[in-house]
Amino acid sequence: MAEVISMEDIRATASTLEIDVSNIDFDSIRLPPGEDFGITSDDDDLHEEDPLEYDSGFGNIIVVDNLPVVPREKFEKLEGVVRKIYSQIGVIKEDGLWMPVDSDTQKTLGYCFIEYNTPQEAELAREKTNGYKLDRAHIFAVNMFDDFDRFMKVPDEWAPPETKPYTPGENLQHWLTDEKARDQFVIRAGSDTEVLWNDARHLKPEPVYKRAYWTESFVQWSPLGTYLATVHRQGAAVWGGATAFNRLMRYAHPQVKLIDFSPGEKYLVTYSSHEPSNPRDTHRVVLNVFDVRTGKVMRDFKGSMDEFSVGGAGGVSGVSWPVFRWGGGKEDKYFARIGKNVISVYETETFSLIDKKSLKVENVMDLSWSPADPILALFVPELGGGNQPARVSLVQIPSKEELRQKNLFSVSDCKMYWQSNGDYLAVKVDRYTKTKKSTYTGFELFRIKERDIPIEVLELENKNDKIIAFAWEPKGHRFAVIHGDSPRPDVSFYSMRSGSNTGRVSKLTTLKGKQANALFWSPAGRYIILAGLKGFNGQLEFYNVDELETMATAEHFMATDIEWDPTGRYVATSVTSVHEMENGFNIWSFNGKLLYRILKDHFFQFLWRPRPPSFLSPEKEEEIAKNLKKYSKKYEAEDQDVSMLLSEQDREKRKMLKDEWERWVNDWKRWHEEEKAERQRLRDGEASDEEEEYEAKEVEVEELLDVSEEVLSFDLDQE
């Protein structure tokens, strides 16, 4: 692939050729037909090196082997049986079933070809009927027609693979060694995707890498920030590095719509849905689980959309996304999905079900993994009209042992929130009142790390208050709740500790009448943003929970998104293209100071690059916090140098503006002197330019505008 050059290089080259780049419409440039000037499209490259199964045009045909060998008189009956079996799976094309006959014996050859309308139907038929037992002597062997073409290309003799010399790649964590300890972020605006440094000291972003049409829908960082994923028609790709962003791997999955990384970045799940040829059928879903490093498909899952739409509240196109929930922390040991009355838990060593069977849980509606331990939290709603209560269960994996269960009565809805370290689980429970005409809300708080997992019930002072938002403090013991009625609900803060008693929840404070409907904790805890998005027009309150005081209030009009950087030092607020005006983003300090603002038309995405966990032990982090003044001297000196540099730059800028002004004044004086004689002539010889030295006189001037002559006739007889 040809090297991508930056706009700075293009401008420099254009300058040497005396070309004004600002007058060039790059979007109107078209290459001659068949010419790519050595720049290979990502999609073409993917298509060439990883041909898809239906590239040959026969991806919708299957071959069914091990059919009975029958004479002509039984041919029609056998064809009817085969057609009945396979027409239940998809629409067979007209004349789409062909059963070859031996010309000598006039008997069938024991196999047939079936052509469906779509490759997806053919794949489903292969999956459903391969191994189908027609009778004791005939067990179907079903293959895709394209597979035979691939098998025919296998050489007769084995040859060892070619050994390629090892070429070391770029250190994918090199960006973490930035001397200024800056963070990166990616933005998408128009057709451009750009990675930048957040250079908050200089109050501006510093460009890293920019590329047009880098993705066809969205970009996504991996959870530890190693990779940037892009999505294309032919599949997904991941890129890495600090400045170059080379493509590291591609994952062939036609018409991919969604992607999801495992927490430890070992695996990538891709999702697509395909319309059925029969309108009465549901969409066909394809899910692939790839090994991120090798690009190998570790397991695929295919079926109707109904099979993947059970449970969860984050539905996308009828499917609860992500379909697979990852457990076991950063080791990526397990993943699970909800089925009808079952939970299927897979382990990634063999990508098979644990104990080769799913966990049967009647009417299960939601599941959520502990972020730290292999513990599943399950929610089962009421059954039998309330005769069997709803319940929340904690299940240990892989033993499938139930650690704790809590029955819940008169439940309308339930939502589970894990604390980031897995120390606590909050279950928000909406319950019906006795009349069943209204609901009220309470919380069931599980202390996961304590003996026997004690549960504490928390109800608000006004239990009829509507819960608008809930959020745990990352790595902490506090949580915040927005409750009450809009437009000015209350915000309450609670702690899972109460003074010297660490086993009891306590309220810290309630802030009355806040314009807020969303909560955004700093990743480091302590600070939180009370945000009023959507109808509240971007109201922001930066709050210090340690001191229980407001640090600043601000507004980012029409803000749609808020995201803390991974260190908790800076906050980005953005207005995406859901609004037609004010598109772009603002960068704020943790305490609410606006550092800089960038406007971008057709702004789609802003994503901070995640950081992996620190290698420092908790003891070392505590030691650094205690001796922060000693460490901070170096950075305070650097900040002072930057401040002086900025001051010097400001002085230089002001001096430049002053010099420019003085040059203009001097030029004006020179022109004024050169035109003195002309001004004197226009004033009829008067030499002075001072208006006060002249006497104003009123002069009346009469001007004849027009002369017309008209002849009038008189009738003398009438007189």
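Residues numbered from 1 in each chain as written. Predicted model: local features only at pLDDT ≥ 70, side-chain atom pairs only at ≥ 80, totals over all residues. Heavy atoms only, no water.

**As for the overall build of the protein chain**
Piece 1. The secondary structure content of the protein chain amounts to eight helices and 45 strands.
Piece 2. The buried share of the protein chain, reckoned over its 719 residues, is 41%.
Piece 3. Considering only contacts in the protein chain between residues 6 or more positions apart, those separated by 24 or more positions represent 46%.
Piece 4. Of the accessible surface of the protein chain, which amounts to about 43,200 Å², a share of 49% is contributed by carbon and sulfur atoms. (Helix = DSSP H or I, 4+ residues; strand = E, 2+ residues; numbered from the N terminus. Buried < 20%, exposed > 50% of the residue type's maximum accessible area, 1.4 Å probe, protein only. Contact = heavy atoms within 4.5 Å. Areas by Shrake-Rupley, 256 points an atom, 1.4 Å probe, with all protein chains shown as cover.)

**What about the sheet that holds strand β30 (residues 424–432)?**
Piece 1. Strand order in this open sheet of four strands is β29-β30-β31-β32, and the pairing throughout is antiparallel. Each edge of the sheet is formed by a strand with only one pairing partner; in this case those strands are β29 (411–418) and β32 (455–459). Averaged over all pairs of adjacent strands, the angle between strand axes in this sheet comes to 20°, irrespective of strand direction.
Piece 2. Where strand β31 (residues 439–447) lies against β32, five bridges are found, and the strand directions are antiparallel. Among the inter-strand pairings, Gly442 is bridged to a residue of β32, identified as Glu459. (Pairing = 2+ DSSP bridges. Axes fitted to C-alpha atoms, helices over the stretch in contact; angles between N-to-C directions.)

**Some remarks on the packing of aromatic side chains**
Piece 1. Counted under the stated rule, the structure contains 42 aromatic pairs.
Piece 2. Seen in terms of ring centroids, Phe58 and Phe145 are 5.2 Å apart; in terms of plane orientation they differ by 55°. Their pairing is tilted. Here Phe58, found in the loop between α2 (42–49) and β1 (61–65), pairs with Phe145, found in helix α5 (residues 145–152); they are 87 residues apart in sequence, far enough to count as distant.
Piece 3. For Phe145, a relative accessible area of 29% gives the class partly exposed.
Piece 4. On the basis of an interplanar angle of 80° and a centroid distance of 5.2 Å, the ring pair of Phe324 and Phe335 is categorised as edge-to-face. (Phe/Tyr/Trp six-rings, centres within 6.5 Å; stacked < 30°, edge-to-face > 60°.)

**Some thoughts on the side chain of Asp332**
Piece 1. Following the sequence through the fold, Asp332 ends up in the loop between β20 (325–327) and β21 (334–339).
Piece 2. Within the structure, the side chain of Asp332 is placed 2.7 Å from the side chain of Ser262, a separation counted as a polar contact.
Piece 3. A distance of 3.3 Å separates the side chain of Asp332 from the backbone nitrogen of Lys266, its partner in a polar contact.
Piece 4. In this structure, Asp332 is in contact with Ser262, Pro263, Gly264, Glu265, Lys266, Tyr267, Trp326, Gly327 and Thr348, ignoring residues within four places of it in sequence. (Polar contact = N/O pair within 3.5 Å; in protein donor to acceptor, adjacent residues only side chain to side chain.)

**Focus on a nonpolar patch on the surface**
Piece 1. On the surface, a cluster of nonpolar side chains totalling about 520 Å² of accessible area is made up of Trp661, Trp664, Trp668 and Trp671.
Piece 2. Positionally, Trp661 belongs in helix α7 (residues 628–674). (Patch = residues over 30% accessible without salt bridge, like charges linked within 9 Å, V, L, I, M, F, W, Y side chains within 5 Å. Salt bridge = Lys/Arg side-chain N within 4 Å of Asp/Glu carboxyl O.)

**Considerations on the nonpolar core**
Nonpolar side chains in soluble globular proteins tend to be buried together.
Piece 1. Counting residues in each nonpolar core, the largest one holds 22 residues, and the members touching the most others are Ile62, Val64, Val82, Tyr86, Met99, Ile114 and Tyr116.
Piece 2. Those elements giving two or more residues to this core turn out to be β1, α3 (75–87), β2 (92–98), β3 (111–116), α4 (119–129) and β6 (141–144).
Piece 3. When residues of this core are assigned to their parent elements, the largest contribution, five residues, is made by α3.
Piece 4. When neighbours within four sequence positions are excluded, Val82 is seen to be in contact with Leu67, Leu97, Met99, Cys112 and Ile114.
Piece 5. Counting residues in each nonpolar core, the second largest holds 18 residues, with Val269, Phe301, Phe308 and Phe351 among its members. (Core = buried A, V, L, I, M, F, W, Y, C linked by side-chain atoms within 4.5 Å.)

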